[in-house]
Amino acid sequence: MARQNPKHSKPFAKNRRGPAQRKPESDRVLLFGLHAVEAALANRRRPVYALRATENAAHRLGPLIAERNLIPERVLPKDLDRQLGPDTVHQGVVLQAGPLEPVSLDDIDSDGILLVLDQVTDPHNVGAALRSAAAFGASGLVLTERHSPPLSGVLAKSASGALDLVPLILVKNLSQALAELGERGVLRIGLAEEANATLEDTEIARPLALVLGAEGKGLRQLTRERCDRLCRISTASALASLNVSNAAAIALHWARLKAKGV
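Residues numbered from 1 in each chain as written. Predicted model: local features only at pLDDT ≥ 70, side-chain atom pairs only at ≥ 80, totals over all residues. Heavy atoms only, no water.

With respect to the pairing of strand E5 (residues 113-118)
If a strand is regular, its side chains alternate between the two faces of the sheet. Test applied: Burial classification: accessible surface area is computed with a 1.4 Å probe over protein chains only, and a residue below 20% of its type maximum counts as buried, one above 50% as exposed, and the rest as partly exposed. The helix and strand labels rest on DSSP assignments: H or I over at least four residues marks a helix, E over at least two residues marks a strand, and numbering proceeds from the N terminus. Any two strands with at least two DSSP-identified bridges between them are counted as paired. Here the term right-handed applies to a crossover when the path leading from its first strand over the helix to its second strand runs clockwise, the strands being oriented away from the viewer.
By the criterion of burial, E5 is predominantly enclosed, with six of the six residues buried. Alignment of E5 against strand E6 (residues 140-144), held across three bridges, turns out to be parallel. Across the sheet, the residue bridging to Leu115 is Leu141, located in E6. For the crossover that starts at E5, traverses helix H5 (residues 123-135) and ends in the parallel E6, the hand is right-handed.

Topic: the sheet that holds strand E11 (residues 229-232)
Condition: Note on definitions: a residue-residue contact is assigned when non-hydrogen atoms from the two residues lie within 4.5 Å. Lines fitted to C-alpha atoms define the axes here, with helix axes fitted over just the stretch in contact, and angles between the N-to-C directions of these axes take values from 0 to 180 degrees.
Ordered by their spatial adjacency, seven strands build an open sheet running E7-E6-E5-E10-E8-E11-E9, and the pairing between neighbours is parallel. Of all strands in the sheet, those with a lone pairing partner are strand E7 (168-171) and strand E9 (197-198), marking the two edges. By the bridge criterion, four bridges tie E6 to E7 in an arrangement that is parallel. Residue pairing for E7: Leu141 is matched across the bridge by Leu168. Sitting on the sheet, helix H7 (residues 174-183) touches E5, E6, E7, strand E8 (187-191) and strand E10 (208-213), and the angle it makes with E5 is about 160°.

Looking at the packing of H5 against helix H9 (residues 244-258)
For clarity, the threshold we go by: Here the angle decides the label: under 35 degrees means roughly parallel, over 145 means roughly antiparallel, 65 to 115 means roughly perpendicular, and every other value means oblique. By the definition used in this description, the sense in which the near helix is turned from the far one sets the handedness, with an anticlockwise turn below a right angle giving left-handed and a clockwise turn giving right-handed. Residue classes follow a fixed rule: Ala, Val, Leu, Ile, Met, Phe, Trp, Tyr, Cys and Pro count as nonpolar, while Asp, Glu, Lys and Arg count as charged, and any other residue, Gly among them, counts as polar.
Orientation of H5 relative to H9, taken along the N-to-C sense of each, is 15°, at an axis distance of 8 Å. By the criterion of interaxial angle, the relationship of H5 to H9 is roughly parallel. Crossing geometry of H5 relative to H9 is assigned as right-handed. Touching Asn125, Ala128, Ala129, Ser132 and Ala133 of H5 are Val244, Ser245, Ala248, Ala249 and Leu252, all from H9. Grouping the amino acids of the contact of H5 with H9 by side-chain chemistry returns seven nonpolar, three polar and no charged.

Some remarks on the environment of Asn173
To keep things clear, this is the line we draw: Definition of a polar contact: a pair of N or O atoms within 3.5 Å, with one able to donate and the other able to accept a hydrogen when the atoms are protein atoms, and with sequence-neighbouring residues admitted only if both atoms are side-chain atoms.
For Asn173, the position within the fold is in the loop between E7 and H7. Separated by 28 residues in the primary sequence, Asn173 and Glu145 place their C-alpha atoms 8.2 Å from one another. From its side chain, Asn173 meets the backbone nitrogen of Gln176 in a polar contact 2.9 Å long.

Focus: the nonpolar core
How we decide: In this text, buried Ala, Val, Leu, Ile, Met, Phe, Trp, Tyr and Cys residues form a nonpolar core when linked through side-chain atoms within 4.5 Å.
Counting 55 residues, the largest nonpolar core has Leu95, Leu117 and Leu210 as the members making the most contacts within it. Among the elements that make up this core, the one with the highest residue count is H9 (six residues). In this view, Leu95 contacts Val29, Leu30, Leu31, Val37, Ala40, Leu41, Val48, Ala50, Leu51 and Leu70; residues no more than four positions away in its chain are not counted. One finds Ile108, Val142, Leu174 and Ala209 within the second-largest nonpolar core, a separate group that totals 17 residues.

Points about H5
Heads up, the rule is: What a helix should span is 1.5 Å times the count of its residues minus one.
Compared with the 18 Å implied by 1.5 Å per residue over 13 residues, the 18 Å span of H5 between its first and last C-alpha is a close match. Buried residues belonging to H5 abut E5, E6, helix H6 (153-159), E7 and H9. Between a side-chain oxygen at the N-terminus of H5 and the backbone nitrogen of His124 the separation is 2.7 Å; the capping residue is Asp122. Immediately beyond the C-terminal end of H5, within one or two residues, lies Gly137, with a positive phi of roughly 75°.

Below, the structure written as structure tokens:
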């Protein structure tokens, strides 16, 4: 039986709602991977414009695609390989979407647990940290506007849908943001390998901000000075160092267990 090739009459299928919903290409992001695209389609705060999907992926996402009034462009996996690169794990689907509206510190749960990343630029690490934030019920994740990865693509795929689940706050100056959190009564705990106190032996209370730095550099000096305490996660040996995403998951786990008011 001859294999049918998908139609390629247009690079992306349009939203049925028409031209009024369209925005400049520069305002759009690409999301790929089933979980990332599924979460974006389910998030009504996320503008969506066009979808390219294989038959299997379109079938799996069918109800959400219909709810969003999208007509997917049917493609083969090799078409998405060409678009994104052969090493990209796209799982047969690419969504052209708009960025989420900005969120501020005023918009989040004032009695929750915040995860704060100090100039962590690796999209895999930030995505994995977002996934942990979703798993452990963090109220949000704070990043700097500069020295942070794009909020799309690899980050969204690594977050496995959490980019559209966890409020993400971008701040211009992390030191000032931490000072503001302190004025609001938030306990700020910085994670540092050389700290004397261990996180598991430290009294923890909500509201809480867990502050982690980039691998290698760690927390910057001003960031350290804004923290109420510096703690480390104890490991079995000096060689058992943790990358930032693993440290975030463990810190959130301890915080969930120990923070008063849980």
